[in-house]
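Fold and geometry: a report
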Amino acid sequence: MNAHSSLVEQSMPRFDLIVIGSGPSGRRAAIQAAKLGKQVLVVERNPRVGGVSVHTGTIPSKALRETVLNLTGWRERGFYGSAYRVKKDISAADLWQRGAKILEHEVDVLEHQFARNRVTTVQGEARFLSPNRIELIRSREAEPEHYEADFFVIACGTRPYRPTHVPFDGKTVFDSDEILKLETLPRSLTVVGAGVIGVEYATIFSALEIAVTLVEPRASFLDFIDRELIEEFMHELRDRNVSLRLGSEVKAVEFDGAGRPVCRIASGRDVTSDMLLYAAGRMGATEGLNLAAAGLETDHRGRLTVDAKTLQTKVPHIYAAGDVIGFPSLASTSMEQGRLAACHAFGLAPQAAPEHFPYGIYAVPEMSTVGMSEEEVIQRKIPYECGIARFRETSRGHIMGLQSGMMKMIFSKKTRRLLGVHIIGEGATELIHIGQAVMALKGTIDYFMESTFNYPTLAEAYKIASLDAWNRAFAPTAAAPEVPDMPEAIEDAA
Ligand SMILES: Cc1cc2nc3c(=O)[nH]c(=O)nc-3n(C[C@H](O)[C@H](O)[C@H](O)COP(=O)(O)OP(=O)(O)OC[C@H]3O[C@@H](n4cnc5c(N)ncnc54)[C@H](O)[C@@H]3O)c2cc1C
Ligand SMILES: NC(=O)c1ccc[n+]([C@@H]2O[C@H](COP(=O)([O-])OP(=O)(O)OC[C@H]3O[C@@H](n4cnc5c(N)ncnc54)[C@H](O)[C@@H]3O)[C@@H](O)[C@H]2O)c1
């Protein structure tokens, strides 16, 4: 080592933890470590913190959904008819206004959170030089800066999968990041890929009365959701003229003579539309990280493998969290992974992540699910019973003018425990947490029979669905008693 390099070594900033990426997992890891009194550096290549979640994913897509539902008057149409509108001519600019304000607020909250917790943030692209050292490139002109740390959390997230046979131009053929820059609204839209992103955007644009075709190569979609819920969902989509083309493999995307994208389907039944959104999954954003220098490699989709409990990669002081480690790839679960990684690194025994986490799909209508689906219960050979409630059976549903919406609950016949809750319709992503809490606390059908719920609420659906299950499987053979007598009746039946 020459004199110059030893000087550089001495002056090189060293942190307890360096986090690469400021999305949900990076942010939680950084704040958790800072709360433990550690010196933390967060490296983010974008000018503003927040990650995919704040800038191109969760928040903008949910802001768009809310804007569409509000401006179209969607939620009020049950009462005022399908012609009801809050704003008549909705432009692309109308759609992004609300999102821009929300984004500002979200970034502001994050920046403040980092500052308050004394987390150092720096803008630039991080790249490993060795297992304990990164290089930071702020711009092409700037000299690279070097930083060292005892621990690292790779929280670099993902980017859209963009195969070469798709002519992305950001004008008529978009990926799911670019769609947020849409300048005009199309009359027709093809969405390729019926994953969560495809389904959310397809139904949001369909609520704007854009003719949507959803193309999916597999014979089914959203396979992790209970099939009865998906059937209900498909029924609603058909009612709205969303064309669902399952089992349709996309061979190529080309332009016709008028410059409209044509989706060439293997079966020969092509789809032409004004615009096309390609949403066939995402890739780990690991290509620029020079992971080989850290002793790491990725799978074919750029993802890292970690120990599921500790979030450590095969290099023990380097952790990875969030979408870069794959399923479930949610902002919610990413945050928890970041926290667990930081706790493990600094010797704080973290509680294991709860067995059940909810999944919320913000389509129109929204869906949410926690625990086992009916298919899973059957596969595991658990004796079970289901209860169903329709939102239109609840007083709150009447007041809101709801014409659809359903909750399905699954109980073990042996232990009476709640095994799964599956909801489609207004408020599904909020309502699910009641089921999640009962499941986490190992609650049974009795909880729903004995507890008093606010009235009128959509949560009443929990009572109705439980009663439905109880009547089928748990009630004495005599006619089921009135609701207030139910607790004693349950005790007798047990
Ligand atoms: C359209 C869409 C809608 C979604 N909706 C939901 C939803 O409703 N609910 C939900 O729970 N989840 C949703 N998700 C998923 C959610 O956004 C992700 O799970 C979450 O953002 C993953 O967080 P992360 O910590 O992995 O980092 P990300 O949010 O992916 O951020 C990673 C950050 O790392 C930075 N980075 C990458 N490489 C480097 C580098 N070399 N140097 C410096 N910085 C780097 C990137 O610039 C980026 O800012 C959605 C995703 C998409 C795309
Ligand atoms: N509400 C939410 O929580 C939410 C919302 C959006 C995204 N996300 C997360 O973001 C991640 C990425 O979502 P996604 O929808 O891009 O990915 P995905 O992997 O969920 O779905 C991709 C879909 O594209 C299909 N597909 C794959 N290859 C194809 C091809 N060559 N041509 C056509 N279709 C093809 C797949 O069969 C699948 O249905 C998900 O893991 C999800 O968890 C979550």
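What you see is a predicted model, and the numbers here were worked out from it, not measured in a lab. (Residues numbered from 1 in each chain as written. Chains lettered and ligands numbered in written order. Predicted model: local features only at pLDDT ≥ 70, side-chain atom pairs only at ≥ 80, totals over all residues.)

1. Re the UniProt feature "binding site: FAD" (unreviewed entry) in the protein
In the UniProt entry, the feature "binding site: FAD" (unreviewed entry) is given for Lys62 and Asp323. Turning to its location among the elements, Lys62 is positioned in helix 4 (residues 58-72). Looking at Lys62, the number of C-beta atoms within 10 Å reads 18, which means it is partly exposed. Inspection of the secondary structure puts Asp323 in the loop between strand 17 (318-320) and helix 9 (331-345). Filtering out sequence-adjacent residues up to four positions away, Asp323 remains in contact with Gly157, Thr158, Arg282, Ser329 and Ser334. (UniProt positions renumbered as here; feature names shortened; annotations may be inferred. Helix = DSSP H or I, 4+ residues; strand = E, 2+ residues; numbered from the N terminus. Buried ≥ 20, exposed ≤ 12 C-beta atoms within 10 Å, placed from the backbone. Contact = placed C-beta atoms within 7 Å.)

2. Topic: helix 12 (residues 428-440)
Relative to the 18 Å expected for 13 residues at 1.5 Å per residue, helix 12 spans 18 Å between its end C-alpha atoms, a close match to the ideal helical length. Tucked into the core, helix 12 has its buried residues touching strand 19 (367-371), strand 22 (418-424) and helix 13 (445-450). Immediately downstream of helix 12, the backbone of Lys442 shows phi near 60°, a positive value. (Expected span 1.5 Å × (residues − 1).)

3. Some points on the site of ligand 1
Among the 38 residues in the neighbourhood of ligand 1, the closest are listed as Gly21, Gly23, Gly51, Gly157 and Gly322. Of all the secondary structure elements, the ones that give two or more residues to the shell around ligand 1 are helix 2 (24-35), strand 2 (40-44), helix 3 (51-55), helix 4, strand 4 (125-130) and helix 9. Here the shell around ligand 1 is built from residues that sort into 14 nonpolar, 19 polar and five charged. (Near = placed C-beta within 6 Å. Nonpolar A, V, L, I, M, F, W, Y, C, P; charged D, E, K, R; others polar.)

4. Description of the environment of Leu277
In this fold, Leu277 is placed in strand 15 (residues 275-278). Leu277 sits in the buried class, given 26 other C-beta atoms within 10 Å. Spatially, the C-alpha atom of Leu277 lies 19 Å from that of Ala93, the residues being 184 residues apart in sequence. Aside from chain neighbours lying at most four places away, what touches Leu277 is Phe174, Ser176, Ile179, Leu189, Val191 and Tyr201.

5. A word on the UniProt feature "binding site: NAD(+)" (unreviewed entry) in the protein
Under the feature "binding site: NAD(+)" (unreviewed entry), the UniProt entry names Gly193, Ala194, Gly195, Val196, Ile197, Gly198, Val199, Glu200, Glu216 and Gly281. Their sequence span is 89 residues, while the largest C-alpha to C-alpha distance among them is just 13.9 Å; these annotated residues converge on one region. Relative to the helices and strands, Ala194 is located in the loop between strand 9 (188-192) and helix 7 (196-206). Residue Ala194 is classed as buried on the basis of its 23 C-beta neighbours within 10 Å. Examined against the element boundaries, Glu216 turns out to sit in the loop between strand 10 (211-215) and helix 8 (227-239). In contact with Glu216, other than residues within four places in its own chain, are Gly193, Ala194, Phe221, Arg245, Leu246 and Ser248.

6. So, the site of ligand 2
Neighbouring ligand 2 are 23 residues; Gly193, Gly195, Ile197, Ala280 and Ser329 lie closest to it. Put simply, the parts of the chain that give the shell around ligand 2 at least two residues each are helix 7 and strand 18 (359-361). A total of four residues in the shell around ligand 2 trace back to one element, the largest contributor, which is helix 7. Of the residues contributing to the shell around ligand 2, the split by class is 13 nonpolar, six polar and four charged.

7. Details of the sheet that holds strand 21 (residues 406-412)
Taken in spatial order, the five strands of this open sheet run 18-19-22-21-20, and their pairing is antiparallel. This sheet does not close on itself; its edge strands, each paired only once, are strand 18 and strand 20 (384-390). The mean angle between the axes of side-by-side strands here comes to 10°, regardless of whether they run parallel or antiparallel. Of the pairings in the sheet, the one linking strand 19 to strand 22 comprises five bridges and is antiparallel in character. (Pairing = 2+ DSSP bridges. Axes fitted to C-alpha atoms, helices over the stretch in contact; angles between N-to-C directions.)

8. Thoughts on the domain arrangement of the protein
One can read the domain layout of the protein as domain 1 (3-160 + 283-345), domain 2 (173-280) and domain 3 (359-474). Distance between the C-alpha centres of domain 1 and domain 3: 34 Å. Each partner contributes to the interface: domain 1 provides six residues, whereas domain 3 provides six residues. Of all the secondary-structure elements, those providing two or more residues to the side of domain 1 that touches domain 3 are helix 4 and helix 5 (77-80). Here the residues of the side of domain 1 that touches domain 3 sort into two nonpolar, one polar and three charged. (Domains from an automatic or database assignment.)

9. Notes on the nonpolar core
With 81 residues, the main nonpolar core has Val191, Val192, Tyr201, Leu277, Met367, Met407 and Met409 as its most contacted residues. Grouped together as the second largest cluster of nonpolar side chains are 45 residues, Val40, Ala149, Phe152 and Val153 included. (Core = buried A, V, L, I, M, F, W, Y, C linked by C-beta atoms within 7 Å.)

10. Quick look at the sheet that holds strand 12 (residues 250-255)
The antiparallel open sheet is built from three strands, whose spatial order is 12-13-14. Looking along the sheet, the strands with just one partner apiece sit at the ends: strand 12 and strand 14 (271-272). Note: strand 13 (residues 261-265) against strand 14, two bridges, orientation antiparallel. Bridge pairing in strand 14 links Val262 to Thr272.

11. So, the packing of helix 4 against helix 6 (residues 92-116)
It is at 8 Å that the axes of helix 4 and helix 6 come closest, and there the two elements cross at 135°. Viewed along their axes, helix 4 and helix 6 adopt a mutual orientation that is oblique. You can see that helix 4 and helix 6 cross each other, and the crossing is right-handed. Listed contacts from helix 6 to Ile59, Pro60, Ala63, Leu64, Glu66, Thr67, Val68 and Leu71 of helix 4 are Asp94, Leu95, Arg98, Gly99, Ile102, Leu103 and Glu106. Taken together, the residues that form the contact of helix 4 with helix 6 break down as nine nonpolar, two polar and four charged. (Parallel < 35°, antiparallel > 145°, perpendicular 65-115°, else oblique. Left-handed = near helix turned anticlockwise from the far one by under 90°.)

12. Here's the deal with the packing of helix 2 against helix 9
When two helices pack together, you describe them by how their axes are tilted relative to each other and by the distance separating the axes. For the pair helix 2 and helix 9, the least separation of the axes is 7 Å and the interaxial angle reads 35°. Along this stretch, helix 2 crosses helix 9, giving a crossing that reads as right-handed. Contacts between helix 2 and helix 9 pair Pro24, Ser25, Gly26, Arg27, Arg28, Ala29, Gln32 and Ala33 from the former with Ala331, Ser334, Met335, Gln337, Gly338, Arg339, Ala341, Ala342 and Cys343 from the latter. Residue classes in the contact of helix 2 with helix 9 are distributed as eight nonpolar, six polar and three charged.

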